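What follows is each chain in one-letter form.
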Amino acid sequence: MPIIVNLDVMMAKRKMSLNELSERVGLTLANLSILKTGKAKAVRFTTLEAICEVLECQPGDILEYQAE
Amino acid sequence: MNKNSKTRTEKILFAMKVLIWIFFIGNCIKTGALAYTFFVSLSINPNAAADLYLGLDLSQLLERDGFHYSFLVMNLIFLSAARAFLVYLVLKIFLTLNLKRPFSIEMASLIKRISIIAISLGFVNLLVRAYAGWLLGNSPSVGYLAEYLYGSSEFIFFGIIIFIIGKVFQYGLELQAESELTV
């Protein structure tokens, strides 16, 4: 898929573990894992909002488009 | 789904499961009895053809033509077994149904199989009914046979409806997969 999820990059920048992010965002580890590995088919605005709030970033920092 | 409606659904499903078990056992008994009396009528005592199962009298046909008798009764046994198998597949739906995750590939394939078998059963039923009509003409045995060759058009109609439901189910399966990958 040409949409790349850069969640791991943002987590590394903020020095935050997946467990901590999962607790603070209120998502299960399994769901966060799906998002991180790029297997997700859709992201809810509420999820994106919570992630951006916790990681103090913009949606564009997490999602990126790369032509195939 | 709230708790009350969930309990009600579970009760309805349980009642349906019991009913389907009864249908299944009934059909198995009917198939077994037909097969047994057919075997007895051919190999031990031809008088058994006078009461194959619950008054089904094909003794005149046996006296007239053994081949047609065997072919007709084998078709009746096949139809009865196919009906039992159809009921078994419906029962399997109830046994594998998971209300928390109702859409599964297994369930979709079961629904598809049920629809195909029901439609085929309807057509075979039609053919056997026509064959029995040709064979027995106005003999009173046709009246007995009506009980065994019922509902061909109903089976076809049922099969088509189930096929359409199967297609909707397939779409539900895709939606469920998408929903599971939505975070």
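## Description of the side chain of Asn125(B)
Residues and elements named next belong to chain B.
- Mapped onto the elements, Asn125 comes out in helix H4 (residues 105-136).
- When its relative accessible area of 0% is taken as the criterion, Asn125 is described as buried.
- Beyond its immediate stretch of four places on either side in the chain, Asn125 contacts Leu79, Arg83, Tyr148, Leu149, Tyr150, Gly151, Ser152 and Phe155.

## Things to note about the side chain of Thr182(B)
- Secondary-structure assignment places Thr182(B) in the segment after helix H6 (152-180).
- On the accessibility criterion, Thr182(B) (16% relative accessible area) is buried.
- Here the side chain of Thr182(B) touches Glu178(B) through a polar contact of 2.8 Å, landing on its backbone oxygen.
- Contacts of Thr182(B), omitting those with residues within four sequence positions, involve Ala42(A) and Arg44(A).

## A short note on the nonpolar core
- Counting 39 residues, the largest nonpolar core has Leu34(B), Leu56(B), Leu58(B), Tyr69(B), Leu72(B) and Leu145(B) as the members making the most contacts within it.
- Top element by residues in this core is H4(B). It accounts for 13 residues.
- In this structure Leu145(B) touches Leu56(B), Leu72(B), Leu76(B), Ala132(B) and Leu136(B), once residues within four positions along its chain are discounted.
- Among the nonpolar cores identified, the runner-up in size contains 20 residues, and Leu27(A), Ile51(A), Val54(A) and Val183(B) belong to it.

## Focus: the pattern of salt bridges
All names here are of chain B.
- Under the criterion given, the structure shown has two salt bridges over all chains.
- Between Arg101 and Glu180 there is a salt bridge whose closest N-O contact spans 2.8 Å. Here the residue Arg101 occupies a position in the loop between helix H3 (66-96) and H4, and Glu180 occupies one in helix H6, the gap between them amounting to 79 residues.
- Residue Glu180 is classed as partly exposed on the basis of its relative accessible area, which comes to 36%.

## With respect to the interface of chain A and chain B
- Opposite the ten residues of chain A that make contact, chain B presents five residues.
- Across the interface of chain A and chain B, roughly 720 Å² is buried in total on both sides, 64% from carbon and sulfur atoms.
- Sorting the residues of chain A by area buried against chain B places Lys41(A), Ala42(A) and Arg44(A) first, and these three jointly supply 56% of that buried surface.
- For the pair chain A and chain B, the number of links is zero salt bridges.
- Where chain A meets chain B, there are four residue pairs in polar contact (both at pLDDT 80 or more).
- The element contributing the most residues to the side of chain A that touches chain B is helix H3 (residues 29-36) of chain A, with three residues.
- Residue classes in the side of chain A that touches chain B are distributed as five nonpolar, two polar and three charged.

How each quantity is defined
- Here, residues in each chain are numbered from 1, in the same order as that chain's written sequence.
- Starting at A for chains and at 1 for ligands, labels are handed out in the order in which the entities are written.
- Only residues with pLDDT of at least 70 get local features here, since the model is predicted, and only at 80 or more are side-chain atom pairs given and counted; chain-wide, interface and lining totals rely on the full set of residues.
- Working from all heavy atoms in the structure, the side-chain values ignore hydrogens and water.
- Only DSSP runs of H or I reaching four residues or more are called helices, and only runs of E reaching two or more are called strands; each is numbered from the N terminus.
- Think of it in three bands: with a 1.4 Å probe and only protein chains considered, a residue is buried below 20% of the maximum accessible area for its type, exposed above 50%, and partly exposed in between.
- By definition, residues are in contact when any of their heavy atoms lie within 4.5 Å.
- Polar contact criterion, stated in full: a pair of N or O atoms within 3.5 Å, where within protein one must be able to donate a hydrogen and the other to accept it, and residues adjacent in sequence count only if both atoms are side-chain atoms.
- Working definition of a nonpolar core: buried Ala, Val, Leu, Ile, Met, Phe, Trp, Tyr and Cys residues. They are joined through side-chain atoms within 4.5 Å.
- A carboxyl oxygen of Asp or Glu within 4 Å of a side-chain nitrogen of Lys or Arg is what we treat as a salt bridge.
- Summed over both partners, the accessible area (1.4 Å probe) lost when two parts come together is defined as the buried area.
- Each residue receives one of three labels: charged for Asp, Glu, Lys and Arg, nonpolar for Ala, Val, Leu, Ile, Met, Phe, Trp, Tyr, Cys and Pro, and polar for the others, Gly being one of them.

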